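Commentary on secondary and tertiary structure
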Amino acid sequence: MAVRDTLDKIENLVAGASHMPLTAKILVDENDLVHFVEDLRNDLPEELGKAEKIMAERDDIIAAAQKDADNIIEAAREKAARIMEESEIMRAAREQSEAILQQTRAEEREIMERTQENAKQLRDDADRYANQVFDQLIAHVTGTFPGIQQAYQAVQQTEQGLQQARQVLQQAKEQMNRAAAAAPAVTMQRHPSQMPPHATLS
């Protein structure tokens, strides 16, 4: 600020002035002091105007802050009233939800009991049906077992017949192979005079 700077200069001027001997007076340069006073006279109106403006702005700021405070207080009161109302609504809703929850639990217990009874009935019916099926299977197997034994015996007899036929064929094959192996040896032992007329020696 210009006024503050000028006052600092005047203070420095006084602090740096010479003292008159044996007195409390000082010697100050008149021209410098007059110059600083003129600066104050020129700067003070502007500074005062700024100060008045700041004061006016301060009043406006205070008024606006008061208005904001009043609005906040009013809003807080309204919110408190709403909270009280909502608290009552919440209490009623909580009581209703508790009642619904108790009713739901009772219905759940009833459903579970019915479900367990139905499951037990279904399990008993399934056990009875399974026992009936097993009894029928046992009876069927018991009835068909003799026929299975007869068929098994017939298969064994057929297998034995096939085994004997295979042995006979194997023996015939071996005899044939032995005969075929012996035939070339007999031909080579014949004398040329015994060979047929059409045969020639190579």
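Keep in mind it's a predicted model, so treat the numbers as computed, not measured.

**Notes on the overall build of the protein**
A count of helical and extended segments in the protein gives 2 helices and 2 strands. Starting at the N terminus and walking to the C terminus, you meet the elements of the protein as α-β-β-α. Looking at the 202 residues of the protein, the share that counts as buried comes to 4%. When contacts within the protein are restricted to residue pairs at least 6 apart in sequence, long-range pairs at least 24 apart make up 43% of them. Carbon and sulfur atoms make up 58% of the accessible area of the protein, which amounts to about 18,000 Å² in all.

**Examining the nonpolar core**
Residues V3, I10, L13, F36 and L40 constitute the largest nonpolar core, which totals 5 residues. Elements supplying a minimum of two residues to this core: α1 (2-15) and α2 (30-188). No other element matches the 3 residues that α1 contributes to this core. In this structure, I10 is in contact with L33, F36 and L40, ignoring residues within four places of it in sequence.

**Digging into a nonpolar patch on the surface**
Among the surface-exposed residues, V28, L33 and V37 lie close enough to one another that they form a single nonpolar patch of about 180 Å² accessible area. By the secondary structure assignment, L33 is in helix α2.

**A short note on the pattern of salt bridges**
Counted by the stated rule, this structure contains 5 salt bridges. In this structure, E95 and R91 form a salt bridge, with 2.8 Å as the shortest nitrogen-oxygen distance. You can see E95 and its partner R91 sitting in helix α2, 4 residues apart, about one turn around the helix. Salt bridges linked by common partners bring E88, R91 and E95 together as one network.

**Overview of the confidence of the model for the protein**
Predicted confidence across the protein gives a mean pLDDT of 76, with 84% of residues reaching 70 or more. Highest mean pLDDT in the protein belongs to α2 (79); lowest belongs to strand β2 (residues 26-27) (72). In this model residues 186-192 is a low-confidence stretch, pLDDT under 50, and it forms 1 contact with partners more than four residues away in sequence or in other chains. A low-confidence stretch, residues 198-202 (pLDDT under 50), is modelled with 2 contacts involving residues beyond four sequence positions or located in other chains.

**Overview of the environment of I10**
Structurally, the position occupied by I10 is in helix α1. Classification of I10 by relative accessible area gives buried; the value is 17%.

Cut-off values and rules
Residues numbered from 1 in each chain as written. Predicted model: local features only at pLDDT ≥ 70, side-chain atom pairs only at ≥ 80, totals over all residues. Heavy atoms only, no water. Helix = DSSP H or I, 4+ residues; strand = E, 2+ residues; numbered from the N terminus. Buried < 20%, exposed > 50% of the residue type's maximum accessible area, 1.4 Å probe, protein only. Contact = heavy atoms within 4.5 Å. Areas by Shrake-Rupley, 256 points an atom, 1.4 Å probe, with all protein chains shown as cover. Core = buried A, V, L, I, M, F, W, Y, C linked by side-chain atoms within 4.5 Å. Patch = residues over 30% accessible without salt bridge, like charges linked within 9 Å, V, L, I, M, F, W, Y side chains within 5 Å. Salt bridge = Lys/Arg side-chain N within 4 Å of Asp/Glu carboxyl O. pLDDT = per-residue confidence, 0-100.

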